[in-house]
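# Architecture at a glance
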Amino acid sequence: RYRFYTADVFTDRAFGGNPLAVFPDGQGLSSEQMQRVARELNLSETVFVCPAERPRHTRRLRIFTPSAELPFAGHPSIGTAHVLASIGEIALERDVTNIVFEEGVGSVPVRIHARDGRPIFAQLAAPRLPEFGPPPPSLETIAATVSLYPSDLLRAEAGPQAVSCGVPFLFVPVRDKEAIRRVRVNREQWERSLSSYWAPHLYVFAYDAEVNGSSLRARMFAPALGIEEDPATGAAATALAGYLGVRDGRSDATLRWRIEQGFEMGRPSILHVEADKRDGAIISIRVGGASVLVSEGTMEVPDIA
């Protein structure tokens, strides 16, 4: 029997944010068993924690969606840090504790902020700087894929672009949050036009937020990963900093954005994103947020013949 916890990530209250399952000790489970457990729980991601392979690192994370293993994901990294700190698996050092997770993409530094000995906020540093993909399909094709009119999409330099900081996303800016609400992924159109594209995951956003202090509103869809819609996507937020950062005219600055996501799903999420620019180049990206421990349980995982 394997112990597991669930947490809601990128929120400060239960039943908001993006739910996550964490198995604090995944030793003894095969990759196939992990995949079956993730499919059974059917959350955006399930994390299996293993001993680190390098002595100065904290833990090694295996991250699974219901249909695939991921090399890196933001909300599992932040949520796992919160869970492990909450149950005493990670010792908190005063107000700020720095740890390093090993993931498929490499080392992922995470900073845990605490108050009164309890974790309240975690922030990760993107393991890779932004990589920009090939030109996307036409505006007409993208609009048809997300069930919008071409006139709903922004164009030219403000238009769609594919970016990755470990996981590739196609960023699709639209004119306002009313267009965001109308987004529906046409699976047949997605199969024809985007399933084999460099960045098959769709991140639709508008510079039209609802909550005071937010910079933009977003929705993310990843049919290729078995995720119809994600309430909060940390890996996408890191890549979005690349999209936004190269369009910001400042050459030496720390850029900050607050993203609201998941509102259309009834799971409001807030993601805090930062990017450092020096001499016009992005040199580091961070994403963070609050998390809430929600439940714990055990699961008997059957052997696979």
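Before reading further, recall that the structure is shown in the block above.
Quick look at the structure, then. For every chain, the first residue of its written sequence is number 1, and the numbers climb from 1 along that sequence. Only residues with pLDDT of at least 70 get local features here, since the model is predicted, and only at 80 or more are side-chain atom pairs given and counted; chain-wide, interface and lining totals rely on the full set of residues. Working from all heavy atoms in the structure, the side-chain values ignore hydrogens and water.

## Side note on the pairing of strand S15 (residues 253–261)
In the sheet, strand S13 (residues 216–222) pairs with S15 via three bridges, with the strands oriented parallel. Counted as the bridge partner of alanine 218 is glutamine 261 from S15. Should DSSP find at least two bridges between two strands, the strands are regarded as paired. A run of H or I in DSSP becomes a helix once it reaches four residues, and a run of E becomes a strand once it reaches two; helices and strands are each numbered from the N terminus. Pairing geometry for S15 and strand S16 (residues 269–278), over nine bridges, is antiparallel. Its bridge partner being in S16, isoleucine 259 is matched across the sheet by leucine 271.

## Comments concerning the side chain of aspartate 152
Relative to the elements of secondary structure, aspartate 152 occurs in the loop between helix H3 (139–145) and strand S10 (161–164). The buried category is assigned to aspartate 152, whose relative accessible area is 1%. Contacts described as polar in this section are N or O atom pairs within 3.5 Å, which, within protein, must combine one atom able to donate a hydrogen with one able to accept it, while residues neighboring in sequence count only if both atoms come from side chains. Separated by 2.9 Å, the side chains of aspartate 152 and arginine 175 make a polar contact. Burial status follows relative accessibility: with a 1.4 Å probe on protein chains alone, a residue under 20% of its type maximum counts as buried, one over 50% as exposed, and anything between as partly exposed.

## As for the pairing of S16
For S16, the buried fraction is high: eight of the 10 residues fall into the buried class. As paired strands, S16 and strand S17 (residues 281–289) are joined by seven bridges and run antiparallel to one another. Within S17, the position partnered with lysine 277 by the bridge is isoleucine 282.

## Notes on the pattern of salt bridges
As a working rule, side chains carrying opposite charge can pair if their charged atoms are close by. Salt bridges are defined by distance alone: a side-chain nitrogen of Lys or Arg within 4 Å of a carboxyl oxygen of Asp or Glu. Overall, the coordinates contain 22 salt bridges when judged by the stated rule. Linking arginine 175 and aspartate 152 is a salt bridge whose minimum nitrogen-to-oxygen distance equals 2.9 Å. Of the two residues, arginine 175 sits in the loop between strand S11 (168–174) and helix H4 (177–181) while aspartate 152 sits in the loop between H3 and S10, which places them 23 residues apart along the sequence. Through salt bridges with shared partners, a single network forms among Asp152, Arg175, Asp176, Glu178 and Arg182.

## A short note on empty space enclosed by the protein
Cavities and pockets are defined on a 1 Å grid built over the protein atoms alone: a cavity is a set of grid points where a 1.4 Å probe fits but cannot escape, while a pocket is an open set with protein on both sides within 12 Å along at least five of seven lines, and lining residues are those with an atom within 4 Å of any such point. Grid points are joined across faces, edges and corners, and a volume is the space filled by probe spheres set on the points. Applying the stated criterion across every chain, the model contains one cavity of 30 Å³ or more. Taken together, 18 residues make up the lining of the largest cavity; nearest its centre are Glu45, Leu70, Phe169, Thr233 and Ala235. Those elements giving two or more residues to the lining of the largest cavity turn out to be helix H2 (74–86), S13, strand S14 (227–230) and helix H6 (234–245). A total of three residues in the lining of the largest cavity trace back to one element, the largest contributor, which is H2. Residue type decides the class: Asp, Glu, Lys and Arg count as charged, Ala, Val, Leu, Ile, Met, Phe, Trp, Tyr, Cys and Pro as nonpolar, and the leftover types, Gly among them, as polar. Residue classes in the lining of the largest cavity are distributed as 12 nonpolar, four polar and two charged.

## Quick look at helix H1 (residues 31–41)
Turning to H1, its buried residues number three or more, namely Gln33, Met34, Gln35, Val37 and Ala38. Directly after H1, the chain includes asparagine 42, whose backbone phi takes a positive value near 60°.

## Remarks on the environment of phenylalanine 205
Along the chain, phenylalanine 205 turns up in strand S12 (residues 201–206). Owing to a relative accessible area of 0%, phenylalanine 205 belongs among the buried residues under this scheme. Residues phenylalanine 205 and serine 138, spaced 67 residues apart in sequence, show a C-alpha to C-alpha distance of 17 Å. Contact between two residues is taken to exist if any of their heavy atoms lie within 4.5 Å; hydrogens are not considered. For phenylalanine 205, the contacting residues outside a window of four places in its chain are Phe171, Val172, Pro173, Val174, Ile180, Leu216, Arg217, Ala218, Leu240, Tyr243 and Leu244.

By themselves, these observations are geometric and do not establish any function.
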